[in-house]
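# Architecture at a glance
Each chain, written out:
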Amino acid sequence: MPKIILHSPTGALFTVDAQIGASVMETAVKHGVPGIVAECGGALSCATCHVYIADSFIDLTGQADDFEDEMLDDTASVRKPNSRLSCQIRMTAALDGLEAEIAPEQ
Ligand code: FES
């Protein structure tokens, strides 16, 4: 089972097991990781699941599609080149160890 490592804005570190095919957001919420609000439940309409992907995983997670890219313009925290909406990243075996920082404001 692949793992996701999430850094909270408070400095806490959460390592959680993910099901293949589950989104990073779903996995974080399921494990009670604070900081990912996910108001819309993954419907790509709230931008409250904002994370910053670690540099070493950017190629593996790929790029936001056009709609996600538009939503990323409306995040509460500053958008960075490694910003993604975590509901749009589906876990695969290749993403084992995926590391991301949870945006401080959602
Ligand atoms: S959970 Fe709403 S956009 Fe990701």
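Each chain has its residues counted from 1, running along the sequence as written. Local features in a predicted model are, by the rule used here, given only for residues with pLDDT of at least 70; side-chain atom pairs are given and counted only at 80 or more, and totals for whole chains, interfaces and linings are based on all residues.

If DSSP finds at least two bridges between two strands, the strands pair. Put simply, DSSP H or I for four residues or longer makes a helix, DSSP E for two residues or longer makes a strand, and each gets a number counted from the N terminus. Spatially, β2-β1-β5-β3-β4 is the arrangement adopted by the five strands of the open sheet, whose pairing is mixed. Across the chains shown, the open sheet's two edge strands, defined by having one partner strand only, are β2 (13-17) and β4 (83-85). Sheet twist, expressed as the mean angle between neighbouring strand axes with direction ignored, is 35 degrees. The pairing of strand β3 (residues 50-53) with strand β5 (residues 98-102) spans three bridges and is classified as antiparallel. For helices, the fitted line uses only the C-alpha atoms of the stretch in contact; every axis is such a line through C-alpha atoms, and the angle between N-to-C directions lies from 0 to 180 degrees.

Glancing now at the nonpolar core. Grouped together as the largest cluster of nonpolar side chains are 21 residues, with contacts concentrated most on V24, M25, V51 and A100. Mapped by element, the contributors of at least two residues to this core are β1 (3-7), α1 (24-30), β3 and β5. Any pair of residues counts as being in contact when their C-beta atoms, constructed from backbone geometry, are within 7 Å of one another. Not counting the four nearest positions on each side in its chain, M25 is found in contact with I36, A38, G42, C49, S86 and C87. Working definition: the nonpolar core is a set of buried Ala, Val, Leu, Ile, Met, Phe, Trp, Tyr and Cys residues, joined through C-beta atoms within 7 Å. Each residue is classed by its C-beta neighbour count within 10 Å, where at least 20 other C-beta atoms makes it buried, 12 or fewer makes it exposed, and intermediate counts make it partly exposed; the C-beta atoms are placed from backbone geometry.

This brings us to the pairing of β2. Across five bridges, the pairing between β1 and β2 is antiparallel. Bridge pairing in β2 places I4 opposite V16. The antiparallel pairing of β1 with β2 creates a hairpin that spans five residues between the two strands, and G11 there sits at a positive phi of about 100 degrees.

Take the environment of S77 next. If you trace the backbone, S77 turns up in the loop between α3 (66-71) and β4. Overall, S77 belongs to the partly exposed group, with 16 C-beta atoms counted inside 10 Å. Placed 30 residues apart in sequence, S77 and A47 show a C-alpha to C-alpha distance of 10 Å. Setting aside residues no more than four positions away along its own chain, S77 makes contact with H50, A103, P104 and E105.

On the secondary structure map, G41 appears in the loop between α1 and β3. A tally of 12 C-beta atoms within 10 Å means that G41 is categorised as exposed.

Another aspect to go through is the pairing of β5. Across the two faces of β5 the burial differs, with L98, A100 and I102 buried and E99 and E101 not buried at all. Pairing between β1 and β5: four bridges, direction parallel. Bridge assignment links L6 to a residue of β5, and that residue is A100.

Below, the discussion takes up unusual backbone geometry. Positive phi outside glycine occurs at A38, with the angle close to 55 degrees. Here the phi dihedral of A47 falls at roughly 60 degrees; this positive angle occurs in a residue that is not glycine. Here A47 is to be found in the loop between α1 and β3. The exposure class of A47 is buried, given the 24 C-beta atoms found within 10 Å.

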